[in-house]
Amino acid sequence: MNRVRLFNLFLFSMFIIFSLFVFRIREYGSDSVDFQIVLRLMAWGGGILIAFIYFYKFGFRVSNNHELLFVAFILLAILMLPFSMLPFRSFVVVLSYAAFYFYFKYVKSRFGDDFLLYSISLSFFIVICFSYFYYLALPDLGRHIYWLNDVLFVSPRMSGVFSTSNAMGGFCAVYCLFLLHAFNKKIISKSFFIIAFGLSLIALLLSDSKTAFISFVFSSLFLYRRNKFILFAILSGVILTSLLIIYATFDFYGFLEHVSRHGDPEEVLTFTGRTYIWPAVFDMALERPFTGYGIGVTSLALPTLEDIIGYTPAHAHNLILQAFFSLGLGGMLCITAILGYNLVVKCKNRLGNSMAVYIVITSLFEASFLSGVAGYSIIPVIYMVLSKEK
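So, here is what we can say about the structure in this document. Bear in mind that the values here come from a model prediction, so they are computed numbers and not experimental data.

1. With respect to the nonpolar core
Ranked by size, the top nonpolar core spans 95 residues in total, and within it F73, F100, F104, F171 and F178 carry the most contacts. When residues of this core are assigned to their parent elements, the largest contribution, 13 residues, is made by helix α7 (residues 165-184). One finds M284, A285, A316 and F324 within the second-largest nonpolar core, a separate group that totals 10 residues.

Structure follows, in structure tokens:
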């Protein structure tokens, strides 16, 4: 690898670290200035500047219609800034989306898809290593925390360098998919794959994120051709599901207690409170159906729901609903088109197809990349739209 590629690998790693790391505990809805945003602005600004210089010299071109839909979404978010509850905060969030998009497109356009996968594999490995350091040495930062009656509780669930354990689980799921594809294409060595995949899979289990784990299992099947392994995996899944159904039939509430994270059947029946969140968020969205409340202001807009559902949710816990809440009907239609495009146009890139499946599954129960400033969750979206080259 020449010096130019090594230097860009270093820049890519710095971009990922400054964009993803959470360095201290913050409460949802806090309006205090966070020094982390300074580091992130440096990363985003640097990424956009590098991409601008390259595309100014060699020209910028949208490679496919799926990418065009994503660009249209960013432009829509910019146009809706004046209608946001906090326009500057929404601007910062949109800036983060643009930074990830332009910088990843720059790396892919200049060095190719293999170098992008190699850069992701190495930079994400740094994130995993620091996550274990946080988890073992700094439990107040590296484990899932929550406030109850003004008391801070630390759970055993791993959150690593992220703010929540669900984010840690989602990151690990995405990283595992990248590793599997990079190893299949012989971009990374076998020894590195075993170490990185093992650490990532263990971290995924430690995060105890069921949505992330299920999404990984199903989406990973699309990385391979239909062979005996896939048939065996599907058959095993059918048998396991059948056994669970039989168990649930004879002891339904006992089954729910075992499945629930805290032994509460109600937790499963309400999808950990989502059945309370969804109708409440939808009713609020109907009050501003054409403009929404703005991207990145969810934690400030949703506290009004505390009297309705008893607590303040971090986001809408559904991507389509989150788009409707943030950008109104236009945002909802745009996100629906981005997700639905995968059903219309086939992609030869197996990782692109796998990421599409991952995004669809996670978007059912999470807000995905629309929950706030861009993080790991926007990377599968960007890779998905860039993989459908003409």
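Structure's up, so let's keep going.
2. What to know about the packing of aromatic side chains
By the definition in use, this model includes 38 aromatic pairs. Summarising the aromatic geometry, the rings of F111 and F115 are spaced 4.8 Å apart at their centres and angled 45 degrees between planes, so their arrangement reads as tilted. Each of the two residues, F111 as well as F115, counts as buried. When the ring of F282 is compared with that of F324, the centres are 5.9 Å apart and the planes differ by 50 degrees; the resulting orientation is tilted. Of the two residues, F282 sits in helix α13 (residues 274-286) while F324 sits in helix α16 (residues 319-344), which places them 42 residues apart along the sequence.

3. Considering helix α3 (residues 65-79)
Spanning 15 residues, α3 covers 21 Å between terminal C-alpha atoms, matching the ideal 21 Å at 1.5 Å per step. H66, E67, F70, V71, F73, I74, L76 and A77 are the residues of α3 that are buried. Packing partners of the buried residues in α3 comprise α4 (87-111), α16 and α18 (378-386).

4. Here we look at the packing of α7 against helix α8 (residues 190-207)
Remark: α7 packs on α8, axes separated minimally by 8 Å, with the N-to-C direction vectors making an angle of 155 degrees. Taken together, the axis directions place α7 and α8 in an arrangement best described as roughly antiparallel. Viewed along their axes, α7 and α8 form a crossing whose handedness is left-handed. Across the interface between the two elements, S165, M168, G169, C172, A173, Y175, C176, L179, L180 and F183 of α7 pack against K190, F192, F193, A196, F197, S200, L201, A203, L204 and S207 of α8. Looking at the contact of α7 with α8 residue by residue, the classes come out as 15 nonpolar, four polar and one charged.

5. What to know about empty space enclosed by the protein
Taken as a whole and assessed by the stated rule, the structure comprises two cavities of 30 Å³ or more. What the largest cavity holds in volume is close to 40 Å³. L319, I335, I338, L339, I359, F369, V381 and M384 are the residues that line the largest cavity. Elements with a minimum of two residues in the lining of the largest cavity: α16 and α18. In terms of residue count, the dominant contributor to the lining of the largest cavity is α16 (four residues). Tallied by class, the residues present in the lining of the largest cavity amount to eight nonpolar, no polar and no charged.

About the thresholds
Residues numbered from 1 in each chain as written. Predicted model: local features only at pLDDT ≥ 70, side-chain atom pairs only at ≥ 80, totals over all residues. Heavy atoms only, no water. Core = buried A, V, L, I, M, F, W, Y, C linked by side-chain atoms within 4.5 Å. Buried < 20%, exposed > 50% of the residue type's maximum accessible area, 1.4 Å probe, protein only. Helix = DSSP H or I, 4+ residues; strand = E, 2+ residues; numbered from the N terminus. Phe/Tyr/Trp six-rings, centres within 6.5 Å; stacked < 30°, edge-to-face > 60°. Expected span 1.5 Å × (residues − 1). Contact = heavy atoms within 4.5 Å. Axes fitted to C-alpha atoms, helices over the stretch in contact; angles between N-to-C directions. Parallel < 35°, antiparallel > 145°, perpendicular 65-115°, else oblique. Left-handed = near helix turned anticlockwise from the far one by under 90°. Nonpolar A, V, L, I, M, F, W, Y, C, P; charged D, E, K, R; others polar. 1 Å grid on protein atoms, 1.4 Å probe; cavity = no way out; pocket = protein on both sides within 12 Å on 5 of 7 lines; lining within 4 Å. Points joined across faces, edges and corners; volume = space filled by probe spheres on them.

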